[in-house]
Amino acid sequence: MSVYAVIDFETTGLSPEYGARPTEIAVVLIDGDRILDRYQSLMNPGVPIPYDIQTLTGITNAMVRSAPKVETVMAEASDFVGDHPMLAHNAAFDRKFWDTELQRIKRWQQKEFACSLLLARRLFPQALNHKLATLVRTLHLPATGRYHRALADAEATAYLLQRIKQEIQHRFGLSAVSHELLIAIQSTNRNKLEACVERHLNTGK
DNA sequence: TGCCAGGCCCTCTTTAGGGCCTT
């Protein structure tokens, strides 16, 4: 069994270093093509949500006022993820918030995130762009709900991961795709994709 | 209802600049 924890944050801004904090998180556990479980919660960020972000996500200050504290939700989310490998769409963004908030509650552990944005750029260069919504349409993935809500985006990303794995298996004749292979592919230039996969299969690197 | 990022990729590049993507 190779279970992935696919996560998505909604936040008050783009950078925790400038005071942005999460307003919602969702985690989807997916094994192959089967969603095993879901975790989702709003949280009270303790700082105002800018108007344009309220418009983008639909998450208002009123909605998070009575939500649990960030610390409480992040502890639950961390327990839910456990030791599973993690993936997000544009993982550099979600990883910043994941690391920052878990460091606050002294629950941080070293985790290597796979990134469906980088992988999609390698594997589907013909796509109009590599926004999550565009990839869902282009690849005919299941509709999951309103974009820019954590659970809908995490589920869409989980289906994208499934499609990415299918593409790798089909293109390279593999029966399974490991976390290490995903990391290797996302870390290489798309023009060197075949060489990267061949090297990984031969050496594991 | 402000402002604030940063890693990756491409190219008119590499002594750089700008677009993409996340909220």
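Here the structure is a predicted model, which means the values were calculated and not measured. (Residues numbered from 1 in each chain as written. Chains lettered and ligands numbered in written order. Predicted model: local features only at pLDDT ≥ 70, side-chain atom pairs only at ≥ 80, totals over all residues. Heavy atoms only, no water.)

A. Structural context of the nonpolar core. In this structure, I164, I168 and L182 are the most contacted members of the largest nonpolar core, which totals 36 residues. Secondary-structure elements contributing two or more residues to this core are β1 (3–11), β2 (22–31), α5 (116–123), α6 (132–138), α7 (150–172), α8 (179–186) and α9 (193–203). When residues in this core are grouped by element, the largest group, 10 residues, is from α7. Residue contacts for L182: discarding those within four places in its chain leaves Y4, L119, L161, I164, K165, I168 and V177. A5, A77, M86 and F97 belong to the second-largest nonpolar core, a separate cluster that totals 26 residues. (Core = buried A, V, L, I, M, F, W, Y, C linked by side-chain atoms within 4.5 Å. Buried < 20%, exposed > 50% of the residue type's maximum accessible area, 1.4 Å probe, protein only. Helix = DSSP H or I, 4+ residues; strand = E, 2+ residues; numbered from the N terminus. Contact = heavy atoms within 4.5 Å.)

B. Representation of the protein's contact with DNA strand B in the model. As a matter of local geometry, DNA strand B sits amid 30 residues, with E10, Y18, R122, H130 and H148 nearest to it. Considering the 4 Å shell around the protein, atoms of DNA strand B inside it are sugar or phosphate in 62% of instances. With respect to DNA strand B, the side chain of H148 contributes an N or O atom lying 2.9 Å from a phosphate oxygen. Among the secondary structure elements, those contributing two or more residues to the surface near DNA strand B are β1, α1 (51–57), α4 (91–104) and α5. When residues in the surface near DNA strand B are grouped by element, the largest group, 5 residues, is from α1. A per-class count over the surface near DNA strand B returns 11 nonpolar, 9 polar and 10 charged. (Near = heavy atom within 4 Å. Polar contact = N/O pair within 3.5 Å; in protein donor to acceptor, adjacent residues only side chain to side chain. Nonpolar A, V, L, I, M, F, W, Y, C, P; charged D, E, K, R; others polar.)

C. Local environment of the sheet that holds strand β4 (residues 86–88). With mixed pairing, 5 strands are arranged side by side in an open sheet as β3-β2-β1-β4-β5. Both outer strands of the open sheet, β3 (34–42) and β5 (113–115), are each paired with one neighbouring strand and no more. The sheet shows a mean angle of 25° between the axes of neighbouring strands, direction not considered. With 8 bridges connecting them, β2 and β3 associate as antiparallel partners. Looking at the pairing, V27 lines up with Y39 of β3. (Pairing = 2+ DSSP bridges. Axes fitted to C-alpha atoms, helices over the stretch in contact; angles between N-to-C directions.)

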